[in-house]
Amino acid sequence: MTDAALAEATGARRANLRRVLGARSIAFIGGGGLDGAIRYCAELGFKGRVFAVNPNRAEIAGVGCVPTVHDLPEVPDTAFVAVAPETAIRV
């Protein structure tokens, strides 16, 4: 890898990490196990937008659900995926 390519890759990784750590929005994807994660996020003082994705529930921890990530109103800065191992790749 050339120095320029390495610098570009490092810069991209840093930008991605900044996006995760400084998220303005988070999508929680999964089922009932997300209740605690969503509540903990609020307890920690997260002030950004919180979305929940679940095709079978109307809400999780007081956050209205959309059935798929394609139905989110915007692209979230980060996502928390909590699904069964056999469905993780599909999700």
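Scroll up for the structure.
Model, not experiment: these values are computed from the prediction.

Let's talk about the pattern of salt bridges
Then, number 1: Counting across every chain of the model gives two salt bridges.
Then, number 2: A salt bridge links arginine 24 to aspartate 77, with the shortest nitrogen-to-oxygen separation between them at 3.7 Å. Placement of arginine 24 in the loop between α1 (3-21) and β1 (25-30) and of aspartate 77 in the loop between β4 (63-66) and β5 (78-82) is noted, with a sequence separation of 53 residues between them.
Then, number 3: Judged by relative accessible area, arginine 24 falls into the exposed class, the value being 54%.
Then, number 4: Of the charged contacts, one joins arginine 49 and glutamate 74 as a salt bridge, the two residues approaching to 2.8 Å between their closest N and O atoms. With arginine 49 in strand β2 (residues 49-53) and glutamate 74 in the loop between β4 and β5, this residue pair connects regions lying 25 residues apart in the sequence.

A short note on the nonpolar core
Burial of nonpolar side chains together is a common tendency in soluble globular proteins.
Then, number 1: With 11 residues, the main nonpolar core is built from Ala23, Ile26, Phe28, Leu34, Ala37, Ile38, Cys41, Ala52, Ile60, Val63 and Cys65.
Then, number 2: Those elements giving two or more residues to this core turn out to be β1, α2 (34-43) and β4.
Then, number 3: Not counting chain neighbours up to four residues away, the residues in contact with isoleucine 38 comprise Phe28, Val50, Ile60, Ala61 and Val63.
Then, number 4: Listed in part, the six residues of the second largest apolar core include Ile29, Phe51, Val53 and Leu72.

A word on the side chain of aspartate 77
Then, number 1: Take aspartate 77: its relative accessible area is 12%, and that puts it in the buried class.
Then, number 2: Among the polar contacts made by the side chain of aspartate 77, one reaches the main-chain amide nitrogen of arginine 24 at a distance of 2.6 Å.
Then, number 3: Apart from residues no more than four positions distant in its own chain, aspartate 77 is found in contact with Arg19, Ala23, Arg24 and Ser25.

What about the environment of arginine 39?
Then, number 1: Among the structural elements, arginine 39 can be located in helix α2.
Then, number 2: Since its relative accessible area comes to 47%, arginine 39 is described here as partly exposed.
Then, number 3: C-alpha separation for the pair arginine 39 and valine 63, spaced 24 residues apart in sequence, amounts to 10.0 Å.

Focus on the environment of asparagine 56
Then, number 1: Relative to the helices and strands, asparagine 56 is located in the loop between β2 and β3 (59-60).
Then, number 2: Residue classification places asparagine 56 among the exposed residues on the basis of a relative accessible area of 71%.
Then, number 3: Sequence separation of asparagine 56 and valine 66 is 10 residues, and the distance between their C-alpha atoms is 9.1 Å.

Here's the deal with the pairing of β1
Then, number 1: Burial analysis of β1 places six of its six residues in the buried class, the great majority of the element.
Then, number 2: Side chains of β1 alternate between two faces, with Ser25, Ala27 and Ile29 and Ile26, Phe28 and Gly30 buried alike.
Then, number 3: Summarising the sheet, β1 and β2 pair through five bridges and their orientation is parallel. Note that in β2 the partner of isoleucine 29 across the bridge is valine 53.

Thresholds, definitions, all that
- Residues numbered from 1 in each chain as written.
- Predicted model: local features only at pLDDT ≥ 70, side-chain atom pairs only at ≥ 80, totals over all residues.
- Heavy atoms only, no water.
- Salt bridge = Lys/Arg side-chain N within 4 Å of Asp/Glu carboxyl O.
- Helix = DSSP H or I, 4+ residues; strand = E, 2+ residues; numbered from the N terminus.
- Buried < 20%, exposed > 50% of the residue type's maximum accessible area, 1.4 Å probe, protein only.
- Core = buried A, V, L, I, M, F, W, Y, C linked by side-chain atoms within 4.5 Å.
- Contact = heavy atoms within 4.5 Å.
- Polar contact = N/O pair within 3.5 Å; in protein donor to acceptor, adjacent residues only side chain to side chain.
- Pairing = 2+ DSSP bridges.

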